[in-house]
Structures are given as C-alpha cells and as structure tokens.
Amino acid sequence: MKKILVPALLAIAALAGCQKTDFDETVTGESLGTFTLNAPVADAVVALNAATPGSTVEISWSAAKPGVDVLPTYKWVAALKTNGTLETPLLEIASNNSGKDAKLTLTHKQLDDALKGKGIADGAKTDLIWSVKADNGSTNLLATETRNISITRMKDGATAFILLGPATSGDVTAIDPNSTSQTMKFNWTKSKPATGGPAMKYKVLFAERKVDATGAVIAVDWTKPLIAVDADNSGADSVANITYKAIGDSLTKKGFTNQEQPVDLLWTVVATSGSWSQYAEYVNQVVILREIKVFIVGSATPAGWTIENASRLIPDPRFPGTFFTYVNLTGGGEFKFVNGQQWPPAPGIIDWGQDPNGAAGTITDNGESNIAVATSGVYRVTFDYSNKKYYVQTAASGGIGGLGIVGAFQTPGWTPASNVRMSSLAPNKLIVFQTMSANDEFKFHDGSEWDNGANNKARWFGPETEGGSKLIVDGGGAKNVKWTGTAGLVRVIFDGTDVKNLTYNLSAATEMRIVGNGMAGVPDWDPGNSPKMTYLGNGKWELSLNLVGGKEIKFLAGNAWGAFDYEDAGSGKIRYDGSTNFSTPATSGTYKVTLDELNGTVVIQ
C-alpha cells in the first residue's frame, strides 16, 4: 500500500538535517560527485490542506561532493509523470538558504500556489516525477534517481485534532450487550474546516487490534474500518455516546460471536469537510467484554418474585455463554431467568423460561412458561445462553447438583461418589462441618465423578494460587484447598455471592461463645471469660443464660478476637461480614439461645 502523507504526518515524510555522502572517486577541478534523494519516499502521496496552509512539506537529499573551490547550489525539479521531462520541468524551485542547503521546505500554500500557477485546478490530483539538480557553474548534475509523487491541490481541509477518551488501555471494559440505556463515551477535540469550507462531520472508527510474530501492532488501513459510527448530532458533535447494545450488536455482526471472549480493538476518529478527510493524531486501544448477566427469580427461589432481589448466576469461563448457581429451591414453586433486576419492558431487559413448543430444558424469551420445581432442595441450576438450554440438577440421589467437598479427609480419599454435601445459606453461599486432620487437602465439587467435560456435568473448584482465597472453576489449573489448623471439626464455607470473585472460608468449629455486654455476671466483650455454647451436632449450638435487656451480643468461634464470628443479618438470620451485633430482648431474664449455622438462623426464647 502506498504511504499516505496526511497533513498531520507531513513532518515525518522528510528526514531532518542534511546527510553527507562519502564517495570513493577523487574529485578534481569543479566537477561534482553524485548524490542521492532522501525524502519524500518514492510514490509518496501529499494532500495540501486548505485549513493549515502553513503546514510544510520537506524535500531532502545527500550533499553533492564539490570540486576545488565552488560549492553547488540546488533546485528541486518536477515534471508531469505523463509526457513530462525533467529537462524542461513543470516546477523548478531553489532549495533553502538561496539554494545552498540540501533541503527544500515548502508550505502547503507555497506548493499550492506553484501548482496553481501552472494551471492545475483546485482540488485536482497531479502525478509528478521529481529529482534534484546540483549546479556549480560549470557542471549540472541530477541526483542518481527520479521518484514519483502525487500532490492534490487545496480545496477543502481540516485542522489537526486529538482523541480525549477513553484513554488507551489494555484493561478489559465490561459492557452489558443488551443495555440500551448504558453508553460508552468517545470524545475528541474539534477540528476546524478551511475558511469558508463545509462544516465538519465526524465518525468513530474501530478496527481489530492485531500483532505480528514479534508482537508489534499491525498498521490499520483506516479507510476500511471494521466499524464506523457517526458522532452525536448526526455527526456534528465532537463526542459519540454509543449504547452498549449497539457495540455488542456491531461486534456480533462482524463475526465476534463469542460474547464471553474479550475483543481487542483500536479506535480513532475521522473528521470530514467536503472532500477532505482528517484523521485524529492518535489511535487508542480499547478492550471490550460483552458481559451478559443472568439472574434467577420466582416463587421457588429465596427472592420470590421480587425482581430487585433476584440472585445472579456465576459465569463459567470454560463454556462461554454458560451460567450456573447453587440455590435452595422450594417444591411447588416456579422460577425463570432474566438478564437484570428489572422486568421487561425496561430497556434492554429480557426474561427467559421453558419453551412451550420445545423439549424440556429448552429456553425461549417469546411466550415462555415458568419453570416448575417439584421437590424442595439445594440445586445446581445451569443456564446455557449459547445453546438456549437450561438444567435443573439435584444431588439428592447422588448425582450432580448441590455443592460439596471431596478430598483427603474421606475414606477412601478423593471420592466424588461419597461427596460431602453442603447446606445452603443463600444463593451461591454454602456451608458444611467436616472433621479434618492437619494439612488435609480438598476441593469443592458438585458431582459424583471426575468428569467436567460438558456444561451439564460436574464442576469443581480450587484456589487460583497456592494458599490463595480466590477460587476458580477447575479446568486443570486450580490448586487444592488446605486446612492448616489443628485436627478437629472444621467449618467450611463456599462464598460465590460475588460471582466474579469466588472465595472460601475455613475456621475451627470446636467451640462457640456468646460475647457482648448483655450477659449478667459476664465481663463485657471479653472472649476469654465469655460462656461457651453446647454443640448439638449438624451445625447447631445452644446455651441457656441470663441476658440483660436492651444490650448487645454476638457469636465468636474462639476464646480471642480474630476468631470467626457471626453478626445480625436481621429477621433471625446470621451473617459473618462485620455487620451489627444482635440485640438482647427488652426484658432481662433467663433465655435459651440457639444458633443454627447450617440454616443460618438464631433463636432467643
């Protein structure tokens, strides 16, 4: 492809300074040594910009070695490529410094005026041949080569401008490809047209960012972009607010159909005035991830039909377009899927259910039926957006379903068939008590065998890094979870409430104390001197004691601060993320306190 010297890049077309060439031959008398052309390159294309008449074109060459006394002077000579000759040139212009320098600097206006004086029409493109002539009074010598150049005379034009945002970055920007209310903002400084020229119009251009074998970014031909979007106000504004849906639809249309795969793009802007196209000074990088969000809602779910409380499914990176959740479903209820915490017809919102005209487990968003749940229990619900399917699986009969743990604590060890199942505290948050030895290792596992070859088969999880708390769906790289405490009963919690940051928590479950300022005869907030509860099994603790009315208590799984603890989640529920303490009853007296960790409840009676 020919090199395009757009006005913003004209300075690059010429080499700065003069270069002296050494010759092997000995020069005598007033002869001249040969010399060569430097810039512009062969077949250069120059468009003269009416909006920036002071912009320059630089022509340079090596110096001709002079004779004994006389230094040469130089002239740039150009002739029509068709039927022209440099012996009788169309243009002949002395170099800088009255012809003494090996360089000629011409403004766009000077070059335009020279062509105009030869009858070249406004805006016309002229194909020329050019070289440089050296003359020392006794010898005339042309450079060793002749080059082609195309020059377009001034007509329209535009001033240079730069991109403002988003700034270039290789970080992933996640968007909801179904949202028509959310936008990405692209903006830039304004370009000005030539005096009296047509008003500016802008387009945002996108191209896939590609690199060669060495990692270098491959240049883009911006005259053929992947996607072009008009700026706001029918192209007149220096900003484009592009909806997430428009971005997502455009990428899909251009072949980027895997919505879970980030798309690495370059973007720039072209400003147009009449026949003139001015490209922004820079090109920025932006990486787009079309992040689909899927929620579950319905009478069978903990949220009921309250859409604002719908719980989000976890994306499975191994199967793009697949989402799953571990959730306690109520028999006799129903549920459906939705891509937000609103109902249609809110902008961009879609809900899915069973396709009444399809096989069981087929989803549709057109005339769908709610999905019925026959039996209460902890289920793994999988939503396959790519294949328009769903799976509702339970481990009640030893199959795939609710999450459990598999590892060295088992006899025999690492046996999915005897998976120790967890109890559900909330969607994607589960708990189990298990006796372990020091340094026992395990994984979270929701199936009955080591087969995760399809999105409706088993999944298991382990830390992303050795000893780390972040879990990943294991595709072969996950580490084992390791209990590093002393042998005994261990509290194991899987926490996927943040679907993009799955974590776990391990703590000793050998004791539970009530601490606070609401117990008669017990020092305030003193774990070591606070009463222990009695463990009844299955995660349930109990203690009868005298409570002081209107005070506070909490539960601590140890005799010192820093141990695992529970706070008040409201409505008799517990939480462990540093919330408010429990309030004692208004009336002082003897009460029985029951803490049920597996069901996530506390009762004071």
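Owing to the predicted nature of the structure, the values given are computational and were not obtained by experimental measurement.

(A) Just the packing of aromatic side chains, in detail. Taken as a whole, this structure holds 30 aromatic pairs when the rule is applied. Aromatic pair F337 and F383: ring centres 4.8 Å apart, planes at 55°, arrangement tilted. Taken together, the residues F337 in strand β25 (residues 334-338) and F383 in strand β29 (residues 377-384) connect sequence positions 46 residues apart. F383 matches F337 in its accessibility class, with the two residues each being buried. Three or more aromatic residues joined by ring pairs make a cluster, and in this case those are F324, Y326, F409, F442, F444, F461, F494 and Y504. The ring of Y385 has K388 sitting right over it, with the charged end atom 4.3 Å from the ring centre.

(B) View of unusual backbone geometry. The linkage connecting A39 with the following residue, P40, adopts the cis geometry, with an omega of 0°. Of note, P40 is situated in the loop between β3 (37-39) and β4 (44-47). Residue S234 is not a glycine yet carries a positive backbone phi of 55°. Of note, S234 is situated in the loop between β16 (227-230) and β17 (239-243). On the basis of relative accessibility, which here comes to 63%, the residue S234 falls in the exposed class. Phi is positive for S571, which is not a glycine, with a value near 55°.

(C) Representation of the environment of I59. When you line up the elements, I59 lands in strand β5 (residues 56-63). As a C-alpha pair, I59 and V548 span 489 residues in sequence and 94 Å in three-dimensional space. If sequence neighbours within four positions are ignored, I59 has contacts with A39, P40, W76, A102, K103, L104 and W130.

(D) Quick look at the pattern of salt bridges. By the definition in use, this model includes 21 salt bridges. Residue R209 is joined to D264 by a salt bridge in which the shortest nitrogen-to-oxygen separation is 3.3 Å. Here the residue R209 occupies a position in the loop between β15 (201-208) and β16, and D264 occupies one in strand β18 (residues 263-273), the gap between them amounting to 55 residues. With a relative accessible area of 25%, R209 lands in the partly exposed category. D264 sits in the partly exposed class, given a relative accessible area of 24%. The salt bridge partner of D249 is K245, with a shortest N-O separation of 2.8 Å. Of this pair, D249 and K245 both sit in helix α2 (residues 244-253), separated by four residues, roughly a single helical turn.

(E) Spotlight on the sheet that holds strand β12 (residues 163-165). Spatially, the three strands line up as an open sheet ordered β12-β14-β17, and their pairing is antiparallel. Each of the sheet's edge strands pairs with one partner strand only, and the pair in question is β12 and β17. Pairs of neighbouring strands in the sheet enclose a mean axial angle of 25°, with direction left out of account. Bridge count between strand β14 (residues 183-188) and β17: five bridges; the pairing is antiparallel. Looking at β17, one finds that N187 is bridged to V239. Helix-sheet contacts for α2 involve β14 and β17, and the interaxial angle to β17 is about 75°.

What counts and what doesn't
- Residues numbered from 1 in each chain as written.
- Predicted model: local features only at pLDDT ≥ 70, side-chain atom pairs only at ≥ 80, totals over all residues.
- Heavy atoms only, no water.
- Phe/Tyr/Trp six-rings, centres within 6.5 Å; stacked < 30°, edge-to-face > 60°.
- Helix = DSSP H or I, 4+ residues; strand = E, 2+ residues; numbered from the N terminus.
- Buried < 20%, exposed > 50% of the residue type's maximum accessible area, 1.4 Å probe, protein only.
- Lys NZ or Arg CZ within 6 Å of the ring centre and 35° of its normal.
- Contact = heavy atoms within 4.5 Å.
- Salt bridge = Lys/Arg side-chain N within 4 Å of Asp/Glu carboxyl O.
- Pairing = 2+ DSSP bridges.
- Axes fitted to C-alpha atoms, helices over the stretch in contact; angles between N-to-C directions.

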